[in-house]
Amino acid sequence: MLFFHRRVHRNVYIKHIMRRYYCHNIDKMSKIRNIGILAHIDAGKTTTTERMLFYSGLIHSMGEVHDGNTVTDYMDQERNRGITITSAAVTLPWKKHNINLVDTPGHIDFTMQVEQTLNILDGVVIVLDSSAGVEAQTLTVWRQTDRYMIPRIVYANKMDRSDASLPLCINLLKSKFNITPLQLQIPVRESNGRLIGLIDVLKKDILTWHGDNGQKVICTPIEDNTKQWEALCKVREILIGDLADMDETIANIVLNSDNINCIDYDTLLSAIRRACISQKGVPLLCGSSYKNIGVQTLMDGIINYLPSPNDCITLDPFKFFGTSMSARAFKIVHEKQKGPITFLRIYTGSLEKGQKLYNASQSKTENINRVMIAYADDYKEVNNIESGNIVAVTGLKNTVCGDLLSSSNNAVKSALTKLSKSKKMTQEESIEMLGVEMNIPDPVFFCSIEPPSQAYQLALDNALNQLHREDPSLRIQYDEETGQTILAGMGELHLEIIGERIKTEFKIDVDLSRPQISYKEGLVSEAKESHRLDLKIDTELIWEGCSTTHSVYVVMSILKHETNKKMLSLDQSPDNASNTAAIYLNRLNIITSSAKAALAHGPKLGCPVINVRFVLHWLEVGKGTSDTVLSSAVNQCVQKLLKSANTILLEPIMNVEVVTDDDHSSAVLSDFGRRRGSIQDISTRSNYRVINALVPLADLLGYSKDLRTFTSGTASFSMEFHSYQEVSTKDEGEAIKNITGFYPS
């Protein structure tokens, strides 16, 4: 009886301690914001980040992109070109909160850096150029944030420009994304059009910025019966009407009140926060980062409207880890002094210096050395860090981007079991929910890379392996026929930057060939084939005449890819279900990887085959058959399938957006016609024409120079990958010449 009372007392004590831990942890996490800054190139992301660092007190002077001295663009290539190439992580304090901020690239060639970052963010700020509104890369990053279900706020930058238009931004946000922008500020201009401040729609104040760098913000109440008051009332009325449609609290107040303008600031702020986190509405702020107007209110907006780790529904599966540490790797950089530095987002538990970690994605255990808070390319070492934060660690040699890490294998098993029971799902579905696969886009350019001599080949291989760990969109393969190392990437600039980094960081004077288009092959029809492989292998033992027999019989089908269908599925028909259900998981993994490898060279021109899937109908593996023989049998079966199904040649098609004046719009349209372009849309943006077209990448080589020539330098363009499409019979000869160097006979 005494033992029973002691055990009850002990359990109550443990529950009390756990409750105190969770309450303390939840309170701490409510002060954290893990956010990214996303935008089209040149919208002002890095300039905005630099101001945020300055106003938070982390730096004492502001750098400028055009001067090449910003904190987050710290690579030589970034400072020389004035663009962001890698994601830079910065932790900054603001009003008793910690903002873990990631500045991401805006150029389409480096979209993989954005993809890696989104996997671990709780909220994002999407920056618009208010003179252009929604641009090509804005569409891309918006789709990416949609896929990860991330709440966002929009910051309309460059409001100081004479052609800036907040109504343009609002209309484009509505038409392009079918969302409800919640306008929270109104720009205030002098009679000559100069931006002097912003009207705060919630507080009913005019905000003006003073001091050498806009450090001081003065709030002045708006007088009644003025033009500014009328503009405020109009925008506020629209805001409250929109909120009433998406928030029950505001709807009840509107229904039971005669004067909606009497709704207080705190009530509106809470409603906007709920709408933002539930993604029913998107808060819209504005300003001019370069002119030091609106950045502090943007930082307030990040705290007021974007979620803390406690508010993120997408993080619910990780709560099953309890107090055990769980984290995801999202970025890796290599430094000469520190070695590989891995950036982690910690979901639960705490991380300590020298801790042993279990990599659930690779089933390996690794030790971390140092734990650091990241400050662009500078780091502050700490002894431990708690959940909800972003941290940089050293010592992880095998971890790659996207890997799930925990304190132990048992912690992972326990979390999976609890998740499976709670969500009533299979173990496989639980693993998929915790370990979200990263979406790596197909490369569209490739080139060969050669070291200055054979003595540098090993150093080059090591350099490429390091760069691939940092950037999974960089593909590296060895061509056995030519003996060359082939690089494949997202664009000409992507490959050019890789070459420059190898020369400057690794001191290898490499030679890159001219970038070439990455063609693919696609399926013409579906096919089903069987294949038997019998091998008798002699073994060199002490006695003679000893041999082993390896045999595999496999039946597979190849089909066109379908959304939400796995690459390899099992035949569940009554005749075959008992056979396929008995296949070991290890063998299924071998079959899947072998089938993927077989798709690297299609039967038509040796290009990779895409958009296909397989069905495994039957498998017989003889006793003692090695995995190598199984892999070979599957590879040979896939080759038979490809020959039976036949393939067609596919080329990359790009979505191109050109902004030009009326005088040159006809020249742009006729030029697209010569480049096999298909016009998708023509719209007006301020005094310019915006032309969107789908154009084969093969016809866009050198387009930047050509566009400048025939528009006298007045036009600008951007492009992003759209899809792979079949090459017409008429154009196939030119495509074959691009691939092989010869026209078909």
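No experiment lies behind these values; they were computed from the predicted model shown.

Caption draft 1: View of the pattern of salt bridges. Enumeration over the complete set of coordinates arrives at 22 salt bridges. For Asp-311, the salt bridge is made with Arg-273, and the minimal N-O distance between the two is 2.7 Å. Here the residue Asp-311 occupies a position in the loop between helix H10 (295–305) and strand S12 (326–335), and Arg-273 occupies one in helix H9 (residues 265–277), the gap between them amounting to 38 residues. Look at Asp-311 and you get partly exposed, because its relative accessible area is 30%. On the basis of relative accessible area, Arg-273 is assigned to the buried category, the value being 19%. Between Asp-316 and Lys-319 there is a salt bridge, with its nearest N and O atoms 3.1 Å apart. Overall, the relative accessible area of 26% leaves Asp-316 in the partly exposed class. What emerges from the salt-bridge pattern is a single network uniting Glu-651, Arg-676, Asp-699 and Asp-731.

Caption draft 2: Helix H6 (residues 166–177), seen in detail. In this model H6 runs 16 Å from its N-terminal to its C-terminal C-alpha over 12 residues, within 8% of the 16 Å that 1.5 Å per residue would give. Along H6, the residues classified as buried are Leu-166, Leu-168, Cys-169, Ile-170, Leu-172, Leu-173 and Phe-177. The distance from a side-chain oxygen at the start of H6 to the backbone nitrogen of Leu-168 is 3.1 Å, and the residue carrying that oxygen is Ser-165. Of the residues one or two after H6, Asn-178 is the one with positive phi, at around 55°.

Caption draft 3: Here's a closer look at the packing of aromatic side chains. Evaluation of the coordinates by the stated rule reveals 9 aromatic pairs. With a centroid separation of 6.4 Å and an interplanar angle of 50°, the aromatic rings of Phe-343 and Tyr-379 are classed as tilted. Placement of the pair is Phe-343 in strand S13 (residues 339–348) and Tyr-379 in strand S18 (residues 378–382), with a sequence separation of 36 residues. Per residue, the accessibility class of Phe-343 equals that of Tyr-379, and both read buried. Put simply, the rings of Phe-318, Phe-321 and Tyr-347 pair up and form one aromatic cluster.

Caption draft 4: Region of the structure containing the environment of Ser-473. Position of Ser-473 among the secondary structure elements: in the loop between helix H13 (457–470) and strand S23 (475–479). Sequence separation between Ser-473 and Pro-443 is 30 residues; the distance between their C-alpha atoms is 7.1 Å.

Caption draft 5: Looking closely at unusual backbone geometry. Positive phi, normally seen in glycine, also occurs at Lys-204, with a value near 60°. Here Lys-204 shows up in the loop between strand S8 (195–200) and strand S9 (205–210). A positive phi angle, close to 60°, is found at Arg-676, a residue other than glycine. Structurally, the position occupied by Arg-676 is in the loop between helix H18 (662–674) and strand S33 (678–685). Under the relative-accessibility criterion, Arg-676 is labelled partly exposed at 30%.

Caption draft 6: Inspection of the confidence of the model for the protein at higher detail. Scored by pLDDT, the protein comes out at a mean of 85, with 88% of its residues at no less than 70. Contacts for the low-pLDDT stretch residues 1–24, under 50 throughout, to residues beyond four places or in other chains number 5 contacts. Under a pLDDT of 50 for its full length, residues 77–87 has, in the predicted model, 50 contacts with residues more than four places off or in other chains.

Caption draft 7: Main features of the sheet that holds S9. Sheet architecture is open: 4 strands sit in the order S7-S8-S9-S10, paired in antiparallel fashion. Pairing within the sheet leaves two strands with one partner each, and these edge strands are strand S7 (185–189) and strand S10 (216–221). Strand-to-strand twist across the sheet, computed as the mean angle between neighbouring axes with direction ignored, equals 30°. Here 4 bridges tie S8 to S9, and the two strands are oriented antiparallel to one another. Looking at S9, one finds that Asp-200 is bridged to Asp-205.

Caption draft 8: Structural context of H18. What H18 keeps buried is the set His-664, Ser-665, Val-668, Asp-671 and Phe-672. Projected down its long axis, H18 carries its buried residues within an arc of 130°, all on one side. Turned more than 90 degrees away from the buried face of H18 sit Asp-663, Ser-666, Gly-673 and Arg-674, all of them exposed. In this fold, the buried residues of H18 make contact with strand S32 (647–660), S33, strand S34 (688–696) and helix H19 (703–710). At the C-terminal side of H18, Arg-676 shows a positive phi close to 60°.

Caption draft 9: View of the packing of H18 against H19. Axis separation between H18 and H19 bottoms out at 10 Å; the angle between their running directions is 145°. In the crossing of H18 with H19, the sense of the turn from one axis to the other is right-handed. Only Tyr-703, Leu-707 and Phe-710 of H19 make contact with H18, whose side of the interface consists of His-664, Ala-667, Val-668, Asp-671 and Phe-672. When its residues are assigned to classes, the contact of H18 with H19 shows 6 nonpolar, 1 polar and 1 charged.

Caption draft 10: Representation of a nonpolar patch on the surface within the structure. Nonpolar side chains collect at one region of the surface, where Leu-669, Ile-679 and Ile-682 lie side by side and expose about 210 Å² of accessible area between them. On the secondary structure map, Ile-682 appears in strand S33. Classification of Ile-682 by relative accessible area gives partly exposed; the value is 41%.

Caption draft 11: Geometry of the nonpolar core. Grouped together as the largest cluster of nonpolar side chains are 55 residues, with contacts concentrated most on Leu-173, Phe-343 and Tyr-379. No other element matches H6, which puts 7 residues into this core. A domain split of this core shows at least three residues from each of domain 1 (25–311) and domain 2 (316–434). Once you skip the residues sitting within four places of it in the chain, Tyr-379 turns out to touch Val-333, Glu-335, Lys-338, Ile-341, Phe-343, Met-372, Ile-373, Ala-374 and Ala-392.

Caption draft 12: The pairing of S13, seen in detail. Most of S13 is tucked away, with 9 of its 10 residues classed as buried. Pairing of S12 with S13, which is carried by 9 bridges, proceeds in the antiparallel orientation. Along S13, the bridge assignment pairs Glu-335 with Gly-339. Taking the residues that link successive antiparallel strands as the turn, the S12-S13 hairpin has 3 residues. Relative to strand S20 (residues 390–394), S13 runs antiparallel, the two sharing 5 bridges.

Caption draft 13: Layout of the side chain of Gln-296. Secondary-structure assignment places Gln-296 in helix H10. Its relative accessible area of 6% is what places Gln-296 among the buried residues. Once residues lying within four places of it in the same chain are set aside, the contact partners of Gln-296 are Tyr-55, Trp-94, Trp-209, Gly-214, Gln-215 and Val-217.

Caption draft 14: Region of interest: the environment of Leu-232. Structurally, Leu-232 is set in helix H7 (residues 227–246). For Leu-232, a relative accessible area of 1% translates into the label buried. Along the backbone, Leu-232 and Asp-200 are 32 residues apart, and their C-alpha atoms lie at a distance of 8.4 Å. Not counting chain neighbours up to four residues away, the residues in contact with Leu-232 comprise Ile-186, Ile-199, Asp-200, Val-201, Lys-204 and Ile-222.

Caption draft 15: Up close: the side chain of Asp-200. Here Asp-200 lies in strand S8. Buried within the structure, Asp-200 lacks any salt-bridge partner; its nearest side chain of opposite charge belongs to Lys-203, at an N-O separation of 4.9 Å. Excluding its chain neighbours within four sequence positions, the residues that come into contact with Asp-200 are Leu-184, Asp-205, Leu-207 and Leu-232.

Conventions we followed
- Within any chain, residue numbers begin from 1 and follow the written order of that chain's sequence.
- Reporting in this predicted model follows two pLDDT cut-offs: at least 70 for local features of residues, and 80 or more for side-chain atom pairs to be given and counted; totals over whole chains, interfaces and linings ignore these cut-offs and use all residues.
- Each side-chain value is worked out from all heavy atoms of the structure, with water and hydrogens disregarded.
- Should a side-chain nitrogen of Lys or Arg be within 4 Å of a carboxyl oxygen of Asp or Glu, the pair is scored as a salt bridge.
- Where helices and strands are cited, they refer to DSSP runs of H or I of at least four residues and of E of at least two residues respectively, numbered from the N terminus.
- Burial classification: accessible surface area is computed with a 1.4 Å probe over protein chains only, and a residue below 20% of its type maximum counts as buried, one above 50% as exposed, and the rest as partly exposed.
- Working rule for helices: expected span equals 1.5 Å times residues minus one.
- What qualifies as a polar contact is a pair of N or O atoms within 3.5 Å, subject to a donor-acceptor requirement within protein and to the restriction that residues adjacent in sequence count only when both atoms come from side chains.
- Stacked, tilted and edge-to-face are the three classes assigned to paired rings of Phe, Tyr and Trp, where Trp is represented by its six-membered ring and a pair needs centres within 6.5 Å; plane angles under 30 degrees give stacked, over 60 edge-to-face, the rest tilted.
- Per residue, pLDDT measures the predictor's confidence, with a range of 0 to 100.
- Whether two residues touch is decided by their heavy atoms; if any such pair falls within 4.5 Å, the residues are in contact.
- Criterion used throughout: strands pair if DSSP finds at least two bridges between them.
- To obtain each axis, a line is fitted to C-alpha atoms, and for helices this fit is confined to the stretch in contact; angles are then taken between N-to-C directions over 0 to 180 degrees.
- Directions drawn from the helix axis to the C-beta atoms are what define this arc.
- If you view the pair so one helix is near and one far, a crossing is left-handed when the near helix is turned anticlockwise from the far one by less than a right angle, and right-handed when it is turned clockwise.
- Only Asp, Glu, Lys and Arg are considered charged, only Ala, Val, Leu, Ile, Met, Phe, Trp, Tyr, Cys and Pro nonpolar, and every remaining residue, Gly among them, polar.
- Patch membership requires more than 30% relative accessible area and the absence of a salt bridge. Residues of like charge join within 9 Å; the nonpolar side chains Val, Leu, Ile, Met, Phe, Trp and Tyr join within 5 Å.
- Note on areas: Shrake-Rupley, 1.4 Å probe, and residue coverage restricted to the protein chains presented here.
- In these notes, a set of buried Ala, Val, Leu, Ile, Met, Phe, Trp, Tyr and Cys residues joined through side-chain atoms within 4.5 Å is what counts as a nonpolar core.
- Reported domain spans reflect what an automatic or database domain assignment gives.
- The charge count treats Lys and Arg as positive and Asp and Glu as negative. His and the chain ends do not count.

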